[in-house]
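# Notes for the structure review
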Amino acid sequence: MEARKSAPGQPWSDGETMHLIDVYEDRWTKLRRGQLKAHQWEDVAAEVTRRCGGQRKTGTQCRHKLEKLRKRYRTEAARPVTSLWPFFRRMERLERGPVPVSTNSFPASPPAS
C-alpha cells in the first residue's frame, strides 16, 4: 500500500516569506553561518508565526521553504538579466552578505571646491 502524502499547507504570503528570511538570517548569523538543528528550526517557525499572527508554520515547513528560496535564488542569479523576483535582493544579501557601501554602483560625489 502506498503512503499518502499529507495535504499541502497554505501557500506562504510575501510577508511570511520575508519574516522567515529575517528570522533565519538572525539565527544563522548567530551560528556563524552554520546549519540549524531541528529544534532551532522550530524556534524559527515559532518566531515566524509570532510575527505573522497567522497560520502556524512548522520547523520542517520553514526549512523546506528556505531550501526552495535558495534554489530559486541560484537560478535567478545565473540568468544574464537582472532578476525581477521580489526576494532576489534579500536572498542575495543572505547568501553573499551585506554589500559594503564602498562597492555600490553610484559614482561618488565630486569633492566640494
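Provided above is the structure to which this section pertains.
Attention in this report is confined to the structure presented alongside it. Just so it is clear, the model here is predicted, and its values are computed rather than measured.

Definitions and limits used
Residues numbered from 1 in each chain as written. Predicted model: local features only at pLDDT ≥ 70, side-chain atom pairs only at ≥ 80, totals over all residues. Heavy atoms only, no water. Helix = DSSP H or I, 4+ residues; strand = E, 2+ residues; numbered from the N terminus. Buried < 20%, exposed > 50% of the residue type's maximum accessible area, 1.4 Å probe, protein only. Areas by Shrake-Rupley, 256 points an atom, 1.4 Å probe, with all protein chains shown as cover. Phe/Tyr/Trp six-rings, centres within 6.5 Å; stacked < 30°, edge-to-face > 60°. Lys NZ or Arg CZ within 6 Å of the ring centre and 35° of its normal. Expected span 1.5 Å × (residues − 1). Contact = heavy atoms within 4.5 Å. Salt bridge = Lys/Arg side-chain N within 4 Å of Asp/Glu carboxyl O.

### Looking at the overall build of the protein
- For the protein, the count of helices and strands is 4 helices and 0 strands.
- When the helices and strands of the protein are placed in sequence order, the string is α-α-α-α.
- In the protein, which comprises 113 residues, the share counted as buried stands at 30%.
- In the structure as shown, the protein presents an accessible area of about 8,700 Å², 54% of it carried by carbon and sulfur atoms.

### Some thoughts on the packing of aromatic side chains
- As enumerated under the stated definition, the model contains 4 aromatic pairs in all.
- Between W85 and F87, the aromatic rings sit 5.8 Å apart at their centres with planes inclined by 75 degrees, giving edge-to-face as the arrangement. Neither residue differs from the other here; W85 and F87 are each classed as buried.
- An aromatic cluster is built from Y24, W28 and W41, whose rings are joined through pairwise contacts.
- K57 extends its terminal NZ or CZ atom over the ring of W12, reaching a point 4.4 Å from the ring centre.
- Seen from the ring of W28, R70 lies directly overhead, with NZ or CZ sitting 4.8 Å from the centre.

### A look at helix α1 (residues 14–30)
- Helix length check: α1 (17 residues) gives 24 Å between terminal C-alpha atoms against 24 Å at 1.5 Å per residue, within 8%.
- Taken as a whole, α1 has its buried residues at E16, T17, L20, I21, V23, Y24, E25 and W28.
- Of the surrounding elements, those touching the buried residues of α1 are α2 (38–52), α3 (59–77) and α4 (88–96).
- R32 sits one or two residues past α1 and shows a positive phi near 55 degrees.

### Some words on the pattern of salt bridges
- Evaluation of the coordinates by the stated rule reveals 14 salt bridges.
- Salt-bridge contacts for R27 lead to D26; the nearest nitrogen and oxygen are separated by 3.6 Å.
- Since its relative accessible area comes to 25%, R27 is described here as partly exposed.
- For R63, the salt bridge is made with E67, and the minimal N-O distance between the two is 3.3 Å. Highlighted residues: R63 and E67, both in helix α3, separated by 4 residues, approximately one helical turn.
- Taking relative accessible area as the criterion, E67 reaches 43% and is therefore assigned partly exposed.
- Because the salt bridges share partners, they merge into one network encompassing D22, E25, R90 and R93.

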